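# Close look at the chain arrangement
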Amino acid sequence: MKKKINNNLILYFNNIYPYKSKIITKKKNIVTVGIGGNIGDVSKRFKLLFNMFKSDSRFTIVETSPLLINPPFGYIEQDDFLNGIIVLKTNLSPMESLRAFQRYENRLGRKRSFQDAPRTLDIDIIFFNNLKMNSKKLTLPHHGYKSRDSVLIPLKYINKS
């Protein structure tokens, strides 16, 4: 199902976006990630990612948002993006989580060419608990999330657990 927000933004609903788990876990950290892509069959790739998280014992999926079809920003000479939010629980640290997410990106075809380039899959840590950090490799909360419809609109559909 699709729901048009305006001429540039469309919400997309399927059987796993949005999703809310009934699984209870003792994992201590709540990680909110933004996912995005605009090369190839992104919807299929997001389903693969969901299943990869489900089968990875380091993570428990708490919930997902509907997906948002939206125009690119930064480098705008590219196709629209599909974006969403996944909330996970884990016992990994922020840096261990980042490394795991980068391995997922690589397994699903991510190539890094330039900032804001077209991509098969991008996984950004938006929040990690209520942690604030600013290192060379990771800034928490994610810089710029407050000004991006691609994050803010899907976040509205997430119930903070």
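A brief structural summary. (Residues numbered from 1 in each chain as written. Predicted model: local features only at pLDDT ≥ 70, side-chain atom pairs only at ≥ 80, totals over all residues. Heavy atoms only, no water.)

## Looking at the pairing of strand β6 (residues 67-70)
The side chains of a regular strand alternate, residue by residue, between the two faces of the sheet. To keep things clear, this is the line we draw: By this definition, two strands are paired if DSSP reports at least two bridges between them. Under the DSSP-based scheme used, a helix requires at least four consecutive residues in state H or I and a strand at least two consecutive residues in state E, with every element numbered from the N terminus.
Across three bridges, strand β2 (residues 10-12) lies against β6 in antiparallel orientation. Directly across from leucine 11, in β6, lies its bridge partner leucine 68. With three bridges connecting them, β6 and strand β7 (residues 81-90) associate as antiparallel partners. If you follow leucine 68 over to β7, its bridge partner there is asparagine 83.

## What to know about unusual backbone geometry
That bond from tyrosine 17 to proline 18 is cis: its omega, 10 degrees, falls within 30 degrees of zero. You can see proline 18 is positioned in the loop between β2 and β3 (19-20). A cis geometry characterises the amide bond from leucine 140 onward to proline 141, with omega recorded as -15 degrees. Position of proline 141 among the secondary structure elements: in the loop between β10 (139-140) and α3 (149-155).

## Structural notes on helix α2 (residues 94-107)
Convention followed: Helices are assigned an expected span. That span is 1.5 Å times one less than the residue count. Accessibility here uses a 1.4 Å probe with only protein chains present; expressed as a share of the type maximum, an area under 20% marks a residue as buried, one over 50% as exposed, and anything in between as partly exposed. Arc definition: it is the arc formed by the directions from the helix axis to the C-beta atoms.
Between the first and last C-alpha of α2 there are 20 Å, a value that for 14 residues agrees with the 20 Å anticipated at 1.5 Å per step. Within the sequence span of α2, burial applies to Pro94, Ser97, Leu98, Ala100, Phe101, Tyr104 and Glu105. When α2 is viewed along its axis, its buried side chains cluster within an angular range of 165 degrees and face the same direction. Residues of α2 that are exposed and point more than 90 degrees away from the buried face comprise Asn106 and Arg107. Phi turns positive, to about 95 degrees, at glycine 109, one or two residues after α2.

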